Every structure is written in C-alpha cells, then in structure tokens.
Amino acid sequence: MMKLLDHRGVPMPSREVAPQARYMGHDRSGILSMRRAVTRDVKVDVREAASRAFALAFDFMQNSGRIAGATDQIIADMIGPELKLNCQPDLASLGYDDQEKAAWCRMVEREWRRWSWNPWECDLEGKASVQEMLDGAVRYYLAGGEALATIDFLGRGDRRRYGLETGTKVRLVSPHRLTRYSSPMEGWDQGIYHDELGRPMSYRFRRSEGGVERDIDVMARAGAVAQVIHVMDRGATPNSPRGITPMAPAFKVIAQSDQFADATLTTALLQTAFAATIKSPEPSETAFEALQQLNDMDGFQGNKDLATDLMSVWEHRVDALKTKSLSIGGDTSQVNHLGPGEELELHSSATPGPQYQPFQMGLMQEVARCLGVTLESLTMDHSRASYSSVRMAVATIWPTIARRRERIPAVMAQGIYEAWLDEAIGTGRIPLKGGYQAFAANREKVVDAEWRGPAKPSADPYKDAIARKVQLETGQTTLKQIASEEGRDWEEDLDQITREVERFREAGVTPPHGRMSGGEGAGPLGGAADGMREPADG
C-alpha cells in the first residue's frame, strides 16, 4: 500500500472520509445555501405576499400586451363563448323514467340559459350576465388566486320595483375586497371566520357605501344555499383559506423580459439616432497644443507666419460649416454640402443582436409554462411550429386547462345554478315530482350537473376525425366521450341527427350520416351499404 511522505520523508497519516448519503450534499459551491428558505405553513406565505402579488399581477395584466393576451387566451380556453350546463340529475327515486328525465333536463337547461344570459335578472347590479361573471371570476383567479361572488335575494317589493321575475341575484366581488383580518383567538383567518372544525361560517368584506369604507360580515350559507361562493385552487395552496395568483413564480421573469426589451430598444434608438456621423479634420486638443508650441518656439524663422496660416485655414473651414447646412432625418432629409475635408459616415444598428431572440424566447418559455399556455400562444410566433410539436404542446397544456375549468369557473357556475334552481323549484317555475319537499330531501341528486367548455384545439381536424372514427369502430371510445371532448352533449347531438335524418327522408334525400365502410348493415364483404359508398358509384 502506497503512502504519501512529508518533506522529511515520514509517511503522512491517512484520512479516511466516511461515505455519506444525504440530500443536497452536492452543494459544495454554496449556491443552495445562499437561497433563504424557511419551513412554515402555506397560509403564512399567502397572507404576507398575496396583496402585493395581486397588485403586481393586475399591473402586468393591464400593462403588458403579452400577459394581457395570455389572460384572454386562458379565459377563452377555459370558458369559450359559454360554459354550458349539462344536467345530470339522479331522478329515479322521484319516479322519473329515462324519457321523463331527459325532458326535464332539457327544460331546466333552457330556463337556465334564458335567466343566465339576462343581466337584469341574474346580476344584482343588472349589468353582467352569468357568463361575463365567469369570465371575471377567471380573471380574478389569475390575478389573485381566488374569486368570490355573493348570492342575494330580492323580495317581492324589489322585484315589482325593477320588473323582475326572479329574486336570486349574483354579485361578483374582487378578492381584495375580502379583508385580511386575522384573529386566531376569535377564529378569524384572513377575513374568514371558521368554527371549531375549520369550516367557514362568515366572510368579512370591505364595501364602499356613499364613499365610506366599512366592513360587513356575510354568512357563508343560508340553510342549504350558499350566500358566498369562494372558489380557488386549494391544491395549489393546501391548508390555506385564501389563494395567491398562479403568476407569482413568474413575476421576476416577466419583469426581466420587459426590462431586457426596454434596454435593447433604448440601445437601438441611440444607435439609430447617431446612425450618421461626420468625420472632420478639425483640430483636436493635441493640434492646438502644437500651435502653441510653434508660437513659443525660438530660433525658427517664420514660425509665427506658419501658425497664422494654419489658423486661417481652420477659420475658413469653420466658416464653411456655418454657411453650408447638413440635414438628415428632418423635413428635407438631404445633405446639402459638407465642409472642406469632411467625410460623411453611415453606421448600421447592431442592436438587437443575434443573441436577443433566443434569450427572450427562453424567458417566454418559463412564463408560458407557469401561465399554462403554449409558447406559440404567448408569443404568437408559429414560425418553428410543426404538426407534431403543436399536438404535443396542446396535449401537455390541455389537462391544465381542463383542471382549472373544473376548479374555478365550473364551481362558481354550480354555486349560482344551485341557488337559482332552489328558487325555481320552490316557486313552481320548474316543476318537480314531489315539489320542493322532494327537492330538499334529494338536493344533491337533483342539482348534479356538468359544465361543458370549448373543445380541445386541433392542429389538423381531419386527422383527428379519422382517428376518432377508427377508435369508435374498434370500440376504443364512445360517442359520449367524443362529444364531451368537443364540449357537446351526445344525447342532444343524437336528437338533432334524428330530426335531420327525418327531414332528409321526407325530402327524398339520402342522409349524410352513417358509416362509409363496414359495420352492421354493411354491404357485401364488409363494404359500405348501398348509397353510402365513397365514391357513390363504387
């Protein structure tokens, strides 16, 4: 065994380093140790940062074109033109068969659409439809991590005064109007009062009435109906009663991108402003010092006259500059004349350089990942996109969109729908076997519903249609699943197709619906049935 020797030739004692297995043991450079991080409840972080984060998020949404566009895109992806109600009640225990249930659902959906699209009926202030409130709820969620709405009920006198049919009214509330008041001894945590089990019992809002700000406590529920609808992604801030904007992790990168763009633009403007310079032989400080030495030189005959002649030449050049103008970028945009011995040099702007775009795109990738949109959607740059890349990007982002839809606008819409349906059945506008008593006893079964958003985007609808056709014919999917992905109800589609087929047959025209090859009722050897072949004479 070989050993190291010291300067005296004596073997040095060996040091055996015991092997260690631990997390973060590789941080020998100290990069991780420089990051100040502590372990504490998420609600503490939310309480300390949420108000400032809400202000920053709204500032970016109002003053950054990219963030404003991304916000609109997220709302369009989650809600589209309408978050459509699809009733899914369990009415078997109330004596409904399938046909009666379908008829009842269609009636409820028609009445809901009529009410929810009428701002005078659904909004307490009579200004926004339910769909517009859902748009605002998503916008508040993106800025503050949560959205709130209160449910009010107008009595008969108020309904008569405003000419209203219904009493249930909704008011969308900004998250910053819910106070951050906390008192653990009393049960208050960030503006929400909780009972001994941690259930929210009331909310403390700050309202402006007649120009005066004052706090108002609103009960969370009135019996079985919610009076305050508070939606947030509780999986993002577990065990916290309040939310925080999902943009928070990207704040620094968004600001860096804006600062980088501003600095690059400033440099480019400076280079453009001085794109043309004049190279002049006019005397510098060194030349004037030489003239002074020439005047002071003794024993050199004619030194005074030489200095005088040189000054005379420069005087002529200066006079020429005074009388002959130079104009670039003005109204005339022309060069009239240069002074004696001068040269005009044109310079091209070197900013932004070739490194600007890749670096900026790197920043945008982080922002897009945090916001939950594709890079092409954020930057509107599809120059490097292909069919495969677009499909992969949509496949990656779409589960995030669907998840957010189910946790934010769908929950808000469900809360409003339940309050509306409670009144509609209670007043008899929506008939139900057994009346309101049966509804109260089976509330969860009756109010069950799904909320359909826009369809998943497609890079090539034809290829996707062929793929769905193959999956359907091989039993790998169902019409219900396909319609759900498209934001439709398959039973409504079937009813509409039935009506269209009947009309086609009445007109003596072959319906376009049906298989083009194989399947039940097909022609010989699995071919399409007569009248359904491609081409028709095949």
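Below is a short write-up of the structure. (Residues numbered from 1 in each chain as written. Predicted model: local features only at pLDDT ≥ 70, side-chain atom pairs only at ≥ 80, totals over all residues. Heavy atoms only, no water.)

**A few points about the overall build of the chain**
Consideration 1: Within the chain, the secondary structure is distributed over 18 helices and 13 strands.
Consideration 2: Put simply, the chain has 538 residues, and 35% of those count as buried.
Consideration 3: Within the chain, contacts between residues at least 6 apart in sequence are counted, and of these 63% link residues at least 24 apart.
Consideration 4: With the model as given, the accessible surface of the chain reaches about 33,600 Å², and the carbon-plus-sulfur share is 53%. (Helix = DSSP H or I, 4+ residues; strand = E, 2+ residues; numbered from the N terminus. Buried < 20%, exposed > 50% of the residue type's maximum accessible area, 1.4 Å probe, protein only. Contact = heavy atoms within 4.5 Å. Areas by Shrake-Rupley, 256 points an atom, 1.4 Å probe, with all protein chains shown as cover.)

**Notes on helix 10 (residues 356-371)**
Consideration 1: Between its first and last C-alpha atoms helix 10 spans 23 Å; for 16 residues at 1.5 Å apiece the expected length is 22 Å, and the two agree.
Consideration 2: Here helix 10 has its buried residues at Y356, Q360, M361, L363, M364, V367, A368, C370 and L371. (Expected span 1.5 Å × (residues − 1).)

**Some points on the packing of helix 5 (residues 130-144) against helix 13 (residues 409-427)**
Consideration 1: Put simply, helix 5 and helix 13 touch, their axes get as near as 9 Å, and they point 140° apart. In this view, helix 5 runs oblique relative to helix 13, as classed from their interaxial angle. In this structure, helix 5 crosses over helix 13, and the sense of that crossing is right-handed. Touching V130, L134, A137 and V138 of helix 5 are P409, M412, A413 and I416, all from helix 13. (Axes fitted to C-alpha atoms, helices over the stretch in contact; angles between N-to-C directions. Parallel < 35°, antiparallel > 145°, perpendicular 65-115°, else oblique. Left-handed = near helix turned anticlockwise from the far one by under 90°.)

**Quick look at helix 13**
Consideration 1: Taking 1.5 Å per residue as the helical rise, helix 13 with its 19 residues ought to reach 27 Å, and the 27 Å between its terminal C-alpha atoms agrees with that figure.
Consideration 2: The positive-phi residue at the C-terminal boundary of helix 13 is G428, with phi of around 90°.

**Here's the deal with a negative patch on the surface**
Consideration 1: A grouping of D97, D98, E491 and D495 is seen on the molecular surface, where their side chains present a negatively charged patch.
Consideration 2: As for its placement among the helices and strands, E491 is situated in helix 18 (residues 490-506). (Patch = residues over 30% accessible without salt bridge, like charges linked within 9 Å, V, L, I, M, F, W, Y side chains within 5 Å. Salt bridge = Lys/Arg side-chain N within 4 Å of Asp/Glu carboxyl O. Lys, Arg positive; Asp, Glu negative; His and termini not counted. Charge placed at Lys NZ, Arg CZ, Asp CG, Glu CD.)

**A few points about the side chain of Q131**
Consideration 1: Along the chain, Q131 turns up in helix 5.
Consideration 2: Overall, Q131 belongs to the buried group, its relative accessible area being 3%.
Consideration 3: Apart from the residues lying within four places of it in its own chain, the contact partners of Q131 are I79, E82, L83, S116 and W117.

**Here's the deal with the pairing of strand 2 (residues 146-153)**
Consideration 1: Burial within strand 2 is extensive, with six of its eight residues counted as buried.
Consideration 2: Pairing of strand 2 with strand 10 (residues 228-232) involves five bridges; the strand directions are antiparallel. Residue pairing across strands places E146 opposite M232, the latter belonging to strand 10.
Consideration 3: Strand direction decides the pairing type here: strand 2 and strand 3 (residues 168-173), joined by six bridges, are antiparallel. The residue of strand 3 that forms the bridge with F153 is T168. (Pairing = 2+ DSSP bridges.)

**Some details on the sheet that holds strand 3**
Backbone hydrogen bonds hold the strands of a sheet together, and the pairing may be parallel or antiparallel.
Consideration 1: On the basis of which strands lie adjacent, the open sheet formed by three strands has the order 3-2-10 and antiparallel pairing. With one partner strand each, in any of the chains shown, strand 3 and strand 10 form the two edges of the open sheet. The sheet shows a mean angle of 20° between the axes of neighbouring strands, direction not considered.

**Points about the pairing of strand 7 (residues 212-219)**
Within a regular strand, side chains alternate between the sheet's two faces.
Consideration 1: Bridge count for strand 6 (residues 200-209) against strand 7 is eight bridges, and the pairing is antiparallel. Within the sheet, the bridge partner assigned to Y203 lies in strand 7 and is V218.
Consideration 2: Taken together, strand 6 and the strand that follows it, strand 7, pair antiparallel across an intervening segment of two residues, in which G210 is found at a positive phi of about 65°.

**Details of empty space enclosed by the protein**
Consideration 1: Evaluation of the coordinates by the stated rule reveals two cavities of 30 Å³ or more.
Consideration 2: Roughly 50 Å³ of internal volume is contained in the largest cavity.
Consideration 3: Looking at the lining of the largest cavity element by element, the count peaks at three residues for strand 1 (residues 84-87).
Consideration 4: Grouping the amino acids of the lining of the largest cavity by side-chain chemistry returns one nonpolar, two polar and six charged.
Consideration 5: Roughly 30 Å³ of volume is contained in the second largest cavity.
Consideration 6: If you trace the second largest cavity, you find it lined by V130, M133, L134, A149, V170, L172, M412 and I416. (1 Å grid on protein atoms, 1.4 Å probe; cavity = no way out; pocket = protein on both sides within 12 Å on 5 of 7 lines; lining within 4 Å. Points joined across faces, edges and corners; volume = space filled by probe spheres on them. Nonpolar A, V, L, I, M, F, W, Y, C, P; charged D, E, K, R; others polar.)

**Considerations on the nonpolar core**
Consideration 1: Counting 77 residues, the largest nonpolar core has W104, Y417 and L421 as its most contacted members.
Consideration 2: Examining the composition of this core, we find that 10 residues originate from one element, helix 13, more than from any other.
Consideration 3: If near-sequence neighbours (up to four positions away) are discounted, W104 is found in contact with P89, L91, Y96, I425, I430, P431, L432 and V446.
Consideration 4: Core analysis: the next-biggest nonpolar cluster, separate from the first, contains 10 residues, L148, V173, I216 and V228 among them. (Core = buried A, V, L, I, M, F, W, Y, C linked by side-chain atoms within 4.5 Å.)

**Considering the packing of helix 2 (residues 65-78) against helix 10**
Consideration 1: Remark: helix 2 packs on helix 10, axes separated minimally by 12 Å, with the N-to-C direction vectors making an angle of 35°. Here the hand of the crossing between helix 2 and helix 10 comes out right-handed. Taking contact as the criterion, the partners of R66, I67, A70 and I74 in helix 2 are, on helix 10, Q360, M364, V367 and L371.
Consideration 2: For the contact of helix 2 with helix 10, a count of residues per class yields six nonpolar, one polar and one charged.

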